Every structure is written in structure tokens, then in C-alpha cells.
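Structural characterization, general
Chain residues, written in single-letter form:
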Amino acid sequence: MKEIVIKVNINCQICKTDVLKAVAKLTGITMVVVDGEKGLLRVVGDVDPVLVVKRLRKARKVAEIVSVGPPKPSEPKQIPSVFLLPPCCNQCELVGVISYAPHFDGGVCNIL
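Our subject in this report is the structure included herewith. The structure presented is a predicted model; accordingly, all values stated were derived computationally and were not measured. (Residues numbered from 1 in each chain as written. Predicted model: local features only at pLDDT ≥ 70, side-chain atom pairs only at ≥ 80, totals over all residues. Heavy atoms only, no water.)

**Topic: the pattern of salt bridges**
A full pass over the atoms with the stated rule returns 1 salt bridge. Measuring nitrogen to oxygen at the nearest pair gives 2.3 Å for the salt bridge that ties Arg 42 to Glu 3. Separated by 39 residues along the polypeptide, Arg 42 in strand E3 (residues 40-45) and Glu 3 in strand E1 (residues 2-8) bring together distant segments of the chain. Judged by its relative accessible area of 6%, Glu 3 falls in the buried class. (Salt bridge = Lys/Arg side-chain N within 4 Å of Asp/Glu carboxyl O. Helix = DSSP H or I, 4+ residues; strand = E, 2+ residues; numbered from the N terminus. Buried < 20%, exposed > 50% of the residue type's maximum accessible area, 1.4 Å probe, protein only.)

**Examining the nonpolar core**
Soluble globular proteins tend to pack their nonpolar side chains together in the buried interior. Counting residues in hydrophobic clusters, the biggest one holds 19 residues, and the most contacted among them are Ile 6, Val 8, Val 19, Leu 41, Val 43, Val 52 and Leu 56. Taken together, the elements giving at least two residues each to this core come down to E1, helix H1 (13-24), E3 and helix H2 (49-58). Sort the elements by how many residues they give to this core and H1 lands first, with 4 residues. Excluding residues within four positions of it along the chain, Val 43 makes contact with Lys 2, Glu 3, Ile 4, Val 23, Ile 29, Met 31 and Val 52. (Core = buried A, V, L, I, M, F, W, Y, C linked by side-chain atoms within 4.5 Å. Contact = heavy atoms within 4.5 Å.)

**Points about H2**
Pro 49, Val 52, Val 53 and Leu 56 are the residues of H2 that are buried. The buried residues of H2 all sit within an arc of 95 degrees when viewed along its axis, so they share a single face. Residues of H2 that are exposed and angled more than 90 degrees away from the buried face: Lys 54 and Lys 58. Against E1, H1, E3 and strand E4 (63-69) lie the buried residues of H2. The first or second residue beyond H2 is Arg 60, which carries a positive phi of 65 degrees. (Arc of directions from axis to C-beta.)

**So, the pairing of E3**
Judged from the 6 bridges that link them, E1 and E3 form a sheet pairing that is antiparallel. Each bridged residue has a counterpart across the sheet, and for Glu 3 the counterpart in E3 is Val 44. Where strand E2 (residues 29-35) and E3 come together, 6 bridges link them in antiparallel fashion. Bridge pairing in E3 places Ile 29 opposite Gly 45. From the end of E2 to the start of E3, which pair antiparallel, there are 4 residues, and Gly 39 there has a positive phi angle of about 75 degrees. (Pairing = 2+ DSSP bridges.)

Okay, here's the thing in C-alpha cells:
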């Protein structure tokens, strides 16, 4: 069992959810912790660090391995400070542009 710390761009709540979804599907993971404030992902378990980074990059996230080593002993639980991420960021937002070209008679496209 090893602890992998990966630096990931986490700008909003959607980014955090995408990172968790991408990593949670891997087998051999015991614990996943995302720190949005520092932009760090901590994975504990029997999993290949390169495979974790590949999965994150496949989810269109920039990922960089910070450290790989034995897991740290668990500390007494502290009440974490609340750090709220915005609901969406520019990297996650999908922008759609819809334009209707006028027909030859000068009207607009109508779907009935």
C-alpha cells in the first residue's frame, strides 16, 4: 500500500467532481482525498501512480505527481476549515452559440 500525492488543477466544484469520478473507478484504491484549496489529490491504495495520472489526463485535467511513498499514520480528526469552490469555472463551462440564418423570404427558422 502506498500514498500518491498529485497536483491537479481544481478551480471549481465541477473540476473536483470530475477528478473524483476519474480516479474512483480505478481498482485497488483505499482512500481518495481532494484538497481544492491547495489543488492536491491524495490517493492511498495499491494502484500505479502513472495509471492515476493517465486517467486524470484522459479526463482533461493537468496532473503532476508530487510524491509517492508509504501512507502516513492517521492523525486525530480535526474539523477542516471550510473552503468553498465556485460552482463552475471557465475551463468547465460549455458555451454554445446558436444562430439561425434567415431564409430567402426574410423570415427566421421555425420548427413546428
